[in-house]
Amino acid sequence: MTTDLSIAYEDVVQAHQRLDGIAHRTPVMRSRTADERCGANLFFKCETLQHIGAFKIRGAYNAIAQFTPHQREGGVVTFSSGNHGQAIARAAQLLGVRAVVVMPLDAPAMKVAATEGYGGEVVRYDRYAEDPSQIVAAIAEERGMTFIPPFDHPHVMAGQGTAAKELFEEVGPLDMIVTPLGGGGLLSGTAVAARHFAPGCDIVGVEPEAGNDGQQSLAKGEIVRIATPVTIADAAQSRSLGRHTFPVLQQLGARVVTVTDDQLVDTMAFMAARMKLVVEPTGCLAAAAVFHGAVAVRGLRVGIVLSGGNIDLARFAKLIGS
Ligand SMILES: *Cc1c(COP(=O)(O)O)cnc(C)c1O
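Residues numbered from 1 in each chain as written. Predicted model: local features only at pLDDT ≥ 70, side-chain atom pairs only at ≥ 80, totals over all residues. Heavy atoms only, no water.

Going by what an unreviewed UniProt entry lists, the chain is known as Threo-3-hydroxy-L-aspartate ammonia-lyase and is assigned to Ideonella lacteola. Per UniProt, the chain has the following entry under Cofactor (unreviewed entry): "pyridoxal 5'-phosphate". (UniProt positions renumbered as here; feature names shortened; annotations may be inferred.)

Draft legend 1. Region of interest: the overall build of the chain. Counting its regular elements, the chain contains 14 helices and 10 strands. Taken over C-alpha atoms, the radius of gyration comes to 18 Å for the chain, in line with the 20 Å a tight globule of 322 residues would show. Its C-alpha atoms give the chain principal-axis dimensions of about 55 × 50 × 40 Å. Taking as baseline every contact in the chain between residues at least 6 positions apart, the subset at least 24 positions apart corresponds to 73%. Computed over 28 positive and 32 negative side-chain charges, the separation of the two mean positions in the chain equals 5 Å. (Helix = DSSP H or I, 4+ residues; strand = E, 2+ residues; numbered from the N terminus. Rg over C-alpha atoms; globule rule 2.2 N^0.38 Å. Contact = heavy atoms within 4.5 Å. Lys, Arg positive; Asp, Glu negative; His and termini not counted. Charge placed at Lys NZ, Arg CZ, Asp CG, Glu CD.)

Draft legend 2. Broad picture of the pairing of strand β7 (residues 176-180). Counting buried residues in β7 gives five out of five residues, a clear majority hidden from the surface. One crossover worth recording links β7 to the parallel strand β8 (residues 202-208) by way of helix α9 (residues 185-197), and it is right-handed. (Buried < 20%, exposed > 50% of the residue type's maximum accessible area, 1.4 Å probe, protein only. Right-handed = clockwise from strand over helix to strand, strands pointing away.)

Draft legend 3. The sheet that holds strand β5 (residues 121-125), seen in detail. If you walk across this open sheet you meet the four strands as β5-β4-β3-β6, and the pairing is parallel. Bordering the open sheet on either side are β5 and β6 (146-147), each of which pairs with just one other strand. In this sheet, β6 lies alongside strand β3 (residues 76-79) in parallel orientation, the contact comprising two bridges. For valine 76, the partnering residue across the bridge sits in β6 and is threonine 146. (Pairing = 2+ DSSP bridges.)

Draft legend 4. How the structure looks around the packing of helix α8 (residues 154-171) against α9. Look at α8 against α9: their axes get within 7 Å of each other, and the N-to-C directions meet at 45 degrees. As the angle between them shows, α8 and α9 are arranged oblique. Two packed elements cross with a definite hand, and for α8 against α9 that hand is right-handed. Counting all contacts with α8, which are made through Met157, Gln160, Gly161, Ala164, Lys165, Phe168 and Glu169, the residues of α9 involved are Gly185, Leu186, Ser188, Gly189, Thr190, Ala193, Ala194 and Phe197. (Axes fitted to C-alpha atoms, helices over the stretch in contact; angles between N-to-C directions. Parallel < 35°, antiparallel > 145°, perpendicular 65-115°, else oblique. Left-handed = near helix turned anticlockwise from the far one by under 90°.)

Draft legend 5. How the structure looks around the pairing of β3. Residue alternation in β3 divides its side chains into two sets, Val76 and Thr78 and Val77 and Phe79, and both sets are buried. Note that β3 and strand β4 (residues 99-104) share four bridges and pair parallel. Along β4, the bridge assignment pairs valine 76 with alanine 99.

Draft legend 6. Molecular detail of the sheet that holds strand β10 (residues 301-306). Spatially, β1-β2-β10-β7-β8-β9 is the arrangement adopted by the six strands of the open sheet, whose pairing is mixed. In the strand order of this sheet, the two ends are held by β1 (28-29) and β9 (255-259), each with one partner. Where strand β2 (residues 41-46) and β10 come together, six bridges link them in parallel fashion. Note on β10: the bridge partner recorded for leucine 42 is valine 302. Its contacts with the sheet place α8 against β1, β2, β7 and β10, and it is angled at close to 135 degrees to β2.

Draft legend 7. Broad picture of the nonpolar core. Membership of the largest hydrophobic core comes to 39 residues, with the highest contact counts inside it found for Leu42, Phe44, Met271, Val290, Phe291, Ile304 and Leu306. The biggest single contributor to this core is helix α13 (residues 285-291), with seven residues. Beyond its immediate chain neighbours, meaning those up to four positions away, isoleucine 304 contacts Leu42, Phe43, Phe44, Lys45, Val178, Ala286, Ala287 and Val290. If you look at the next biggest cluster of nonpolar residues, it comprises 32 residues, including Ile7, Tyr9, Val12 and Leu187. (Core = buried A, V, L, I, M, F, W, Y, C linked by side-chain atoms within 4.5 Å.)

Draft legend 8. A look at the packing of helix α3 (residues 56-64) against α8. One can describe the packing of α3 onto α8 by two numbers: an axis separation of 7 Å at closest approach and a directional angle of 135 degrees. In this view, α3 runs oblique relative to α8, as classed from their interaxial angle. When the axes of α3 and α8 are compared, the crossing they make is right-handed. Side by side, α3 and α8 meet where Lys56, Arg58, Gly59, Asn62 and Ala63 of the first sit next to His155, Val156, Ala158, Gly159, Gln160, Thr162, Ala163 and Glu166 of the second. Broken down by class, the residue content of the contact of α3 with α8 amounts to four nonpolar, six polar and three charged. (Nonpolar A, V, L, I, M, F, W, Y, C, P; charged D, E, K, R; others polar.)

Draft legend 9. Up close: the site of the ligand. What surrounds the ligand is a group of 16 residues, the closest being Lys56, Asn83, Gly182, Gly184 and Ser307. Within the backbone of glycine 183, a nitrogen or oxygen atom sits 2.9 Å from an oxygen atom of the ligand. Calculation on the ligand without its partners gives an accessible area of 380 Å², and the protein chains cover 97% of this total. Looking at the shell around the ligand residue by residue, the class counts come to six nonpolar, eight polar and two charged. (Near = heavy atom within 4 Å. Polar contact = N/O pair within 3.5 Å; in protein donor to acceptor, adjacent residues only side chain to side chain. Areas by Shrake-Rupley, 256 points an atom, 1.4 Å probe, with all protein chains shown as cover.)

Written out as structure tokens, the structure is:
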């Protein structure tokens, strides 16, 4: 089929080998209540229970593990609203590499503390006024560090695809696989794995309604940029897909739907009450789309990636209580 994409299934396989003994093979949960609510067979891949509380350790580790000795000596730098920063800091710590993480001033306190806890150095910026990529470029230049972006990098994308690979290996073919969509690292890796295991699988990314740049991009056939969206889904506030992720999504036939913040909150409550899972707002995007009818799932076998569970308990309680 297509050969000019940034990643192929073989890259996901190799990433999975690198991650052996590093990333958890996270559980796949079922819920009869959820199945009855939707009239479908739902398989929840619980990356909430992954190291660092989100799938991002997969891509970060896969990227840093492929550094040259020279790159390892210089260290790694990135920007992130949280989970990728934690993942880079933790992966760098595991590999004995220095890490700098550029984070927005309003990033959740827990995510900042966790990044520092893994030995990462945090540099703050104003995400509504400054361009993090310029800050990162300056640090990379001055300190000889290698930039690993949150999503638009083949090694990151291949690493993220290992979650879907595990899901298919465990449950067999699926009619549909649904994941949250920010910049498309998770969805592009998922798409590559899905096409391998179930060529006819419907591949769906879910964005917050306030920031549907991915949906616009696939409709228009080119990358659409938007202003930083205001949404509780803080890990999906990216302003555009990437030059590596977009072609993969486009050529492998992924599609995008959206959900509202209210639907995310409803889903967080369902996950906590019915499935005993703490899922952060962004981590609920895919489940919210399934529960609230943004995709038609009746009678189907559907994989749902619960992408992360990093949220301050106070904020969780406030959102659920409102
Ligand atoms: C990063 C992240 C996403 C979005 O992933 P992309 O690869 O940017 O599309 C979704 N959920 C959580 C919890 C994340 O940390």
